[in-house]
Amino acid sequence: MTKMHTLTPSTETSTDLDDLARLLTPDGERIPDRQLDPWISDLDTDAMRGLYRDMAIARRLDIEGVALQRQGQLGLWAPAQGQEAVQVGTARACRDDDFLFPSYRELGVQLVRGAKPADFILAWRGEMHSTYNPYELSLATPQIIIGAQALHAAGYAMGIQRDGGDQVAVAYFGDGATSQGDVNEAMVFSSSFQAPMVFVCSNNQWAISEPVTVQAKFPIAGRAPGFGIPSLRVDGNDVLACLAAMRWATDHARSGKGPAFIEAVTYRMGPHTTSDDPTRYRNAEQVAAWRERDPITRLEAHLRAQDAFDDAFAAEVESDADEFTAGMRAAALGAVTRPPIEVLDDVYAEPHSGIAEQRERFASYLSGFADEEAQR
Amino acid sequence: MSELLTMGKALNAGLRRALADDDKVIVMGEDIGRLGGVFRITDGLIDEFGAPRIIDTPLAESGIMGTAVGLAFRGFRPVVEIQFDGFVYPAFDQIVCQVAKLHYRTRGNVTMPITVRIPWAGGVGAAEHHSESPEAYFVHTSGLRVVAVSNPQDAYMMLRQAIACDDPVVFFEPKRLYHTKDEVDLGADIADAAPMGLARVVRAGTDVTLLAYGAQVATALDAATAADDEGTSIEVIDLRSISPVDYPTVTASVRKTGRVVVTHEAAREAGVGAELIASITEKCFHYLEAAPERVTGHDIPYPPAKLEKHHLPDLDRILDAVDRVLERPNSLSGVES
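Described below are features of the structure shown in this document. (Residues numbered from 1 in each chain as written. Chains lettered and ligands numbered in written order. Predicted model: local features only at pLDDT ≥ 70, side-chain atom pairs only at ≥ 80, totals over all residues. Heavy atoms only, no water.)

## A short note on the overall build of chain B
Each helix and strand in chain B was counted, giving 11 helices and 14 strands. A compact globule built from 337 residues should have a C-alpha radius of gyration of about 20 Å, and chain B, at 20 Å, falls within 12% of that. When its C-alpha atoms are laid out on the principal axes, chain B stretches across 65 × 40 × 40 Å. By residue count, 61% of the 337 residues in chain B fall in the buried class. (Helix = DSSP H or I, 4+ residues; strand = E, 2+ residues; numbered from the N terminus. Rg over C-alpha atoms; globule rule 2.2 N^0.38 Å. Buried < 20%, exposed > 50% of the residue type's maximum accessible area, 1.4 Å probe, protein only.)

## Quick look at the environment of B:Asp316
Residues and elements named next belong to chain B. Here Asp316 is to be found in helix α11 (residues 315-325). Looking at Asp316, the relative accessible area reads 47%, which means it is partly exposed. Once the C-alpha coordinates of Asp316 and Ala305 are considered, the two residues, 11 residues apart in sequence, prove to be 20 Å apart.

## Concerning the packing of helix α5 (residues 148-163) of chain A against helix α6 (residues 181-192) of chain A
All names here are of chain A. Remark: α5 packs on α6, axes separated minimally by 7 Å, with the N-to-C direction vectors making an angle of 15°. Comparing the axis directions of α5 and α6 gives the class roughly parallel. In the packing of α5 onto α6, the handedness of the crossing is left-handed. Across the interface between the two elements, Ala148, Ala150, Leu151, Ala154 and Met158 from α5 touch Asp182, Val183, Glu185, Ala186, Phe189 and Ser190 from α6. Looking at the contact of α5 with α6 residue by residue, the class counts come to 8 nonpolar, 1 polar and 2 charged. (Axes fitted to C-alpha atoms, helices over the stretch in contact; angles between N-to-C directions. Parallel < 35°, antiparallel > 145°, perpendicular 65-115°, else oblique. Left-handed = near helix turned anticlockwise from the far one by under 90°. Contact = heavy atoms within 4.5 Å. Nonpolar A, V, L, I, M, F, W, Y, C, P; charged D, E, K, R; others polar.)

## A few points about the pattern of salt bridges
The full count for this structure, using the stated rule, is 41 salt bridges over all chains. For the salt bridge of A:Arg53 with A:Asp54, the shortest nitrogen-to-oxygen distance reads 3.9 Å. For A:Arg53, a relative accessible area of 31% translates into the label partly exposed. A salt bridge links B:Asp320 to B:Arg324, with the shortest nitrogen-to-oxygen separation between them at 2.9 Å. Placement of the pair is B:Asp320 and B:Arg324 together in helix α11, with a separation of 4 residues, close to one helical turn. The network of salt bridges with shared partners includes A:Arg22, A:Asp235, A:Arg293 and A:Arg298. (Salt bridge = Lys/Arg side-chain N within 4 Å of Asp/Glu carboxyl O.)

## Let's talk about the sheet that holds strand β3 (residues 54-56) of chain B
Residue and element names in this part refer to chain B. Read from one edge to the other, the open sheet built from 7 strands follows the order β3-β2-β4-β5-β7-β6-β12, with strand pairing classed as mixed. Two strands close off the open sheet at either side, each with one partner strand: β3 and β12 (241-243). Mean inter-strand twist for the sheet, computed between neighbouring axes without regard to direction, equals 20°. Where strand β4 (residues 77-81) meets strand β5 (residues 115-120), 3 bridges bridge the pair, whose relative direction is parallel. Each bridged residue has a counterpart across the sheet, and for Glu81 the counterpart in β5 is Arg117. Packing of helix α1 (residues 7-21) onto the sheet brings it into contact with β2 (25-29), β3, β4, β5 and β7 (169-174), and relative to β2 it is tilted by some 135°. (Pairing = 2+ DSSP bridges.)

## With respect to the pairing of β7(B)
Residues and elements named next belong to chain B. Judged by how many residues are buried, β7 sits mostly within the fold: 6 of 6 residues are covered. Both faces of β7 are covered, namely the face carrying Val169, Phe171 and Glu173 and the face carrying Val170, Phe172 and Pro174. Sheet topology note: the β5/β7 ladder contains 6 bridges and is parallel. Looking across to β7, one finds that Trp120 is bridged to Pro174. The pairing of strand β6 (residues 145-148) with β7 spans 4 bridges and is classified as parallel. The residue bridging Val146 from the neighbouring strand is Val170, located in β7. Crossover connection from β6 via helix α7 (residues 152-164) to parallel β7: handedness right-handed. (Right-handed = clockwise from strand over helix to strand, strands pointing away.)

## Points about the interface of chain B and chain A
The interface of chain B with chain A comprises 48 residues on the first partner and 45 residues on the second. Buried area between chain B and chain A, summed over both chains or domains, comes out near 3,700 Å², and the portion from carbon and sulfur atoms is 56%. For the chain B face of the interface with chain A, the top three residues by lost area are B:Arg74, B:Tyr104 and B:Arg107, together amounting to 21%. Joining chain B to chain A, the criterion identifies 3 salt bridges. (Buried area = accessible area lost by both parts, 1.4 Å probe.)

## Considerations on the pairing of strand β6 (residues 231-235) of chain A
All names here are of chain A. Taken across its 5 residues, β6 has 4 buried, putting it largely inside the fold. Sheet topology note: the β6/strand β7 (residues 260-265) ladder contains 5 bridges and is parallel. The residue bridging Arg233 from the neighbouring strand is Glu263, located in β7. For the segment spanning β6, helix α8 (residues 239-254) and β7, crossover handedness is right-handed.

## So, helix α4 (residues 92-99) of chain B
Within an α-helix, residues lying three or four positions from one another point in the same direction, as the helix has 3.6 residues per turn. Among the 8 residues of α4(B), 6 are classified as buried, and the element is accordingly described as predominantly covered. Here α4(B) has its buried residues at B:Gln94, B:Ile95, B:Val96, B:Cys97, B:Gln98 and B:Val99. Those residues of α4(B) that are buried are in contact with α5 and α6 of chain A together with α3 (61-73), α5 (102-105) and α6 (135-139) of chain B.

## What about the packing of aromatic side chains?
Tallying each qualifying case throughout the model produces 28 aromatic pairs over all chains. Summarising the aromatic geometry, the rings of A:Phe101 and B:Phe73 are spaced 5.2 Å apart at their centres and angled 85° between planes, so their arrangement reads as edge-to-face. Of the two residues, A:Phe101 sits in strand β1 (residues 99-101) while B:Phe73 sits in helix α3, which places them in two different chains. With relative accessibility at 1%, the residue A:Phe101 sits in the buried group. (Phe/Tyr/Trp six-rings, centres within 6.5 Å; stacked < 30°, edge-to-face > 60°.)

## Considering the sheet that holds β7(A)
Where strands meet in a sheet, backbone hydrogen bonds hold them as pairs that are either parallel or antiparallel. Residue and element names in this part refer to chain A. Sheet architecture is open: 5 strands sit in the order β1-β2-β3-β7-β6, paired in parallel fashion. The open sheet is flanked by β1 and β6, the only strands paired with a single partner. Strand after strand, the sheet turns through a mean of 20° between neighbouring axes, direction not considered. Where β1 and strand β2 (residues 169-174) come together, 3 bridges link them in parallel fashion. Pairing of Leu100 across the sheet is with Val170, part of β2.

## Some remarks on the packing of α3(B) against α4(B)
All names here are of chain B. Where α3 meets α4, the axes come as close as 8 Å, and the angle between the chain directions of the two elements is 25°. Here α3 is positioned roughly parallel relative to α4, judged by the angle of their axes. Each of Ser62, Met65, Gly66 and Val69 in α3 lies in contact with α4, whose residues at this interface are Gln94, Ile95, Gln98 and Val99. Among the residues forming the contact of α3 with α4, the class breakdown is 4 nonpolar, 4 polar and no charged.

If you want it as structure tokens, here you go:
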């Protein structure tokens, strides 16, 4: 009789913070990890300062987004504070021509891919669904349907195979998405076809008000091997670990070995969106404990220990962040809503008689206000 | 080079031609490779074009549709086979939230030239979930085009047009017509063909306009022949495209006849017939001589096979409705409503 391996956990290991790969302690001390170390052996202090800068700007633009929402400039905002390391670390590990499929919370990923200040506010303001051309940033429009983008990445990766390309497709999603059929189906498809794809699960502990223990009784990274996909569970607040893990994952996928999976264990410091009140569903002690694990201060401590962080650098980063957020504010205050007739644009790629008729009728209706507009 | 072909063979020829014409065309679905699909529509394609282009997928409809989205993102033109009409529902989220919206969401930067082939509707004595008529769900979704074929020539040409179209097309294939034969011009160029969105008057008439699509076109023609014996002239229109509908062709007919009957297998409430009649009423109110009629499936879950003939609109139910729009006293069920 073949031996049965039982993997049934006896405790809630989905939140275990010790069973994680990390390279920086919460105090910023560099610790060795035999598996991850080789992937960042080239990383000098300048590169680490770049990671710090990205994370600091991502944090600031997030704060600005919340402020703009509170001031009535945006309809909604989905804060990402606390998740800067996984977003910046993994995105920085990608090549410019790797195609990324983010969720709506991947602010740091958008930033790294080259999104402009206006890109962060025009969608939440309701001016347009997609602010940038996905092909210019190799970045899909942030996905709102939970987990749908995992399949898009799997399909894109199948397309890379058929083109003979050496790019990688990446799907970003949260812990809640791992309960969705689409994420599981994406693991089946990408594994069965050995597609060059990386799954990045930002386990931020909460799916709106539902703790990760409602989604998983076992470490999320533990699921992937069941699909034939190797996985790593890393400290999502350690940008070096996230970068190293993603370099391992993209290298694995790029070299024809099929998909790889990363679970980055992190914490969403704010609400799910500006519409919910996290004090209703989680306690202050938990939030305070996670504040001690802040990804930005962790890297700062590490850099300071190497005399690679001084006031001049801090001021330079602050100035960059000021400039970026000023751009967001200017884009919000200066936003000009498109003409009403454009609501009917781009529904179809080719002429469509139904839309053409409605457009004609709406244009005629709008023209009835021409005199009124002229008198203003 | 016209040939007598079944609709199934015509569809197979259409796929082969599309694959040969454009190497970005990819065919994907469950059992479509070695088996050639449960209806053999993809028969032999894997031998000719190879596994990279003819993809036997895992058994997951949302997975098939979602990966098709990714392939389209990458510049491919996926042709997805949903094995049976009733299996499209697990893919519904990807179709209505992603396939239909990505062009609009990205302001035209991303196109989704995906063709969703669905062996469709009843009349073949199938098991539960194998005879559904879900077209109204897709017609109601902006960003999709929805077509239904009624004969082998259209099957051959419209499938190629759908694949060449830069918009997503939900392509309904009446499975009870898979074995019906007709002449197909295999040399035809899609550039010369009637656009996919055009309706066709398949039988001219003067008294009543009868609108149908898919397998119901044949039933409508049977009804028109029977009515002709009684001296009633019915004009039968095969809509071919049910989103968008070719209203110029439809309204020209209604303005001529003043009376209209719509027939489809799908349930009545909020069905395609309701939309057609609302639009016809808006466009032709002063030409109408009588209230338009719908002859549809009942508002019931699809019944067991032994009872389906009582659900599917047949020649007699259509003629009954024709009597009503002609305000004839001999209507079988002409009760005041």
